[in-house]
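Overview (structure and organization)
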Amino acid sequence: MLLDTHDVKELSANLAEMDEIKGRSLWADARNRFKRNRAAMVSTFILIGIVIFSFVGPYLAAWSNEEIDWSVLGKVKELGAPSWSNGHYFGTDDLGRDLFARVVQGTQISLMVGVVGALIAVLVGTTYGAVAGYFGGRIDSVMMRIVDILIAMPFMFVLILLLVVFGRSVFMLFVGVGLISWLDMSRIVRGQTLTIKNKEFVEAAQAMGVSHFKIIFRHIIPNLLGVVAVFATQLVPLMILTESFISFLGLGVQEPATSWGALINEGAATMQYGTLWQLLFPLAFFIVSLFCFFFIGDGLRDALDPKDR
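Only a predicted model underlies this, so the values are computations on that prediction, with no experimental measurement involved.

**Side note on the overall build of the chain**
- Secondary structure assignment for the chain yields 14 helices and 0 strands.
- Within the span of the chain, comprising 309 residues, buried residues form 42% of the whole.
- A fraction of 74% describes how many contacts in the chain between residues 6 or more apart in sequence connect residues 24 or more apart.
- Total accessible area on the chain is roughly 17100 Å²; 67% of this is exposed by carbon and sulfur atoms.

Have a look at this one:
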């Protein structure tokens, strides 16, 4: 059957449209599902705003975080309250230091502790769990019994012991929180690896003579990024909570540095004098950031869950 000119033009247009249609990858589909989650998207923008605030804040502050305004000492209730006229946007603390500048510094340190601690936990836990799950047998049994022993130890006691023995520095806080928090990550990754290592693409790589460690780092771990990303977003607020608790006990960052936990501790100590701004501002940043991380984690979990597709 011969096609007329109209049919040929219509067929050509349809073929052109088909050429323009591009297939969507699983990551693109997950990204679209995440964008449709309003709570996760709003939380993402708020969290980006907090991060920008931590970088831009020092240039907006009229006072440095260590500078003392001697005019407010002894008159905290009258002159230490938030005021734009004297440059104390969030007020001052009981020592006359600008609270805005100190909240900026506390945001930087708390977010750094959360992100760096989660990064250390992800790197150590993912590698450890993938190796244990892939090799299996005695290697898996020995490695996971080590994890069981470490999990049985009191987490907070070990962290406090590390800070007391090696010094209460910000760097030691990063390392201590990160090295203790990788245990749950390793168990999750190990369970996923036990399933993935029996897939056809892993067996094909083994048949081709690919080394074990190349299979782990090029084939298994990349297929675990979804699970790792979701758990990492849950680790960040956990790290921030841990740091805040340690700082609240006075074992975290030391003066003149500060964090959200240290600022909340100072604000709670001066509540009886009516200086609520010392508690409300750092507490607001702390609570909002935690909720943002939790909502983002829920959004990633829903977007990357294959059962929901």
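We are not done yet, so read on.
**Structural notes on the side chain of arginine 97**
- Note on placement: arginine 97 falls in the loop between α4 (76-79) and α5 (99-135).
- The exposure class of arginine 97 is buried, given its relative accessible area of 8%.
- For arginine 97, the residues in contact, after removing those within four places along its chain, are Asn65, Glu66, Glu67, Ile68, Gly91, Thr92, Arg102, Glu255 and Glu266.

**Let's talk about helix α3 (residues 38-60)**
- Across its 23 residues, α3 extends 31 Å between first and last C-alpha, which sits within 8% of the 33 Å expected from 1.5 Å per residue.
- Along its length, α3 reaches its greatest deviation from straightness, about 40 degrees, at serine 54, and the proline proline 58 lies no more than four positions downstream.
- Of all the residues in α3, the buried ones are Ala40, Ser43, Leu47, Ile50, Phe53, Ser54 and Gly57.
- Two to three positions downstream of the cap, the backbone nitrogen of alanine 39 sits 3.3 Å from a side-chain oxygen, assigning the N-cap of α3 to asparagine 37.

**Thoughts on the environment of valine 227**
- Relative to the helices and strands, valine 227 resides in helix α12 (residues 225-248).
- Look at valine 227 and you get partly exposed, because its relative accessible area is 34%.
- C-alpha separation for the pair valine 227 and glutamine 192, spaced 35 residues apart in sequence, amounts to 8.7 Å.
- When sequence neighbours within four positions are dropped, the list of residues in contact with valine 227 reads Ile188 and Gln192.

**What about the pattern of salt bridges?**
- For the coordinates displayed, the defined rule picks out 5 salt bridges.
- Between glutamate 266 and arginine 102 there is a salt bridge, and its shortest N-O distance comes to 3.5 Å. One end of the pair, glutamate 266, is in helix α13 (residues 260-269); the other, arginine 102, is in helix α5, and 164 residues separate them in sequence.
- Judged by relative accessible area, which is 0%, arginine 102 ranks as buried.
- Because the salt bridges share partners, they merge into one network encompassing Asp93, Arg97, Arg102 and Glu266.

**Side note on the packing of α13 against helix α14 (residues 277-304)**
- For the pair α13 and α14, the least separation of the axes is 8 Å and the interaxial angle reads 145 degrees. The handedness of the crossing between α13 and α14 comes out as left-handed. Along the contact surface, α13 presents Trp260, Leu263, Ile264, Glu266, Gly267 and Ala268, while α14 presents Gln278, Leu279, Pro282, Leu283, Phe285, Phe286 and Ser289.
- Taken together, the residues of the contact of α13 with α14 sort by class into 9 nonpolar, 3 polar and 1 charged.

**Some remarks on the packing of helix α6 (residues 137-152) against helix α9 (residues 183-196)**
- For the pair α6 and α9, the least separation of the axes is 10 Å and the interaxial angle reads 145 degrees. Classified by chirality, the crossing of α9 by α6 is left-handed. Contacts from Asp140, Met144, Val147, Asp148, Leu150 and Ile151 in α6 reach Leu183, Asp184, Ser186, Arg187 and Arg190 in α9.
- Partitioned by chemical class, the residues of the contact of α6 with α9 number 5 nonpolar, 1 polar and 5 charged.

**Regarding the packing of aromatic side chains**
- By the definition in use, this model includes 12 aromatic pairs.
- Residues phenylalanine 90 and phenylalanine 100 carry aromatic rings whose centres are separated by 5.0 Å and whose planes lie at 65 degrees to one another, so their mutual orientation is edge-to-face. Here phenylalanine 90 is found in the loop between α4 and α5, whereas its partner phenylalanine 100 is found in helix α5, with 10 residues between them in sequence. Phenylalanine 100 matches phenylalanine 90 in its accessibility class, with the two residues each being buried.
- Taken together, Phe53, Trp84, Tyr89, Phe90, Phe100, Phe281 and Phe285 form an aromatic cluster joined through their ring pairs.

**Remarks on a nonpolar patch on the surface**
- Together, Phe45, Ile48, Val51, Ile52, Phe55, Val56 and Leu60 line one region of the surface with nonpolar side chains, adding up to about 670 Å² of accessible area.
- In this structure, phenylalanine 55 sits in helix α3.

**Examining the environment of glutamate 255**
- When you line up the elements, glutamate 255 lands in the loop between α12 and α13.
- Separated by 189 residues in sequence, glutamate 255 and glutamate 66 place their C-alpha atoms 9.4 Å apart.
- Not counting chain neighbours up to four residues away, the residues in contact with glutamate 255 comprise Arg97, Arg102 and Glu266.

Criteria and cut-off values
- Residues numbered from 1 in each chain as written.
- Predicted model: local features only at pLDDT ≥ 70, side-chain atom pairs only at ≥ 80, totals over all residues.
- Heavy atoms only, no water.
- Helix = DSSP H or I, 4+ residues; strand = E, 2+ residues; numbered from the N terminus.
- Buried < 20%, exposed > 50% of the residue type's maximum accessible area, 1.4 Å probe, protein only.
- Contact = heavy atoms within 4.5 Å.
- Areas by Shrake-Rupley, 256 points an atom, 1.4 Å probe, with all protein chains shown as cover.
- Expected span 1.5 Å × (residues − 1).
- Bend = angle between axes of the 7 residues up to and from the residue.
- Polar contact = N/O pair within 3.5 Å; in protein donor to acceptor, adjacent residues only side chain to side chain.
- Salt bridge = Lys/Arg side-chain N within 4 Å of Asp/Glu carboxyl O.
- Axes fitted to C-alpha atoms, helices over the stretch in contact; angles between N-to-C directions.
- Left-handed = near helix turned anticlockwise from the far one by under 90°.
- Nonpolar A, V, L, I, M, F, W, Y, C, P; charged D, E, K, R; others polar.
- Phe/Tyr/Trp six-rings, centres within 6.5 Å; stacked < 30°, edge-to-face > 60°.
- Patch = residues over 30% accessible without salt bridge, like charges linked within 9 Å, V, L, I, M, F, W, Y side chains within 5 Å.

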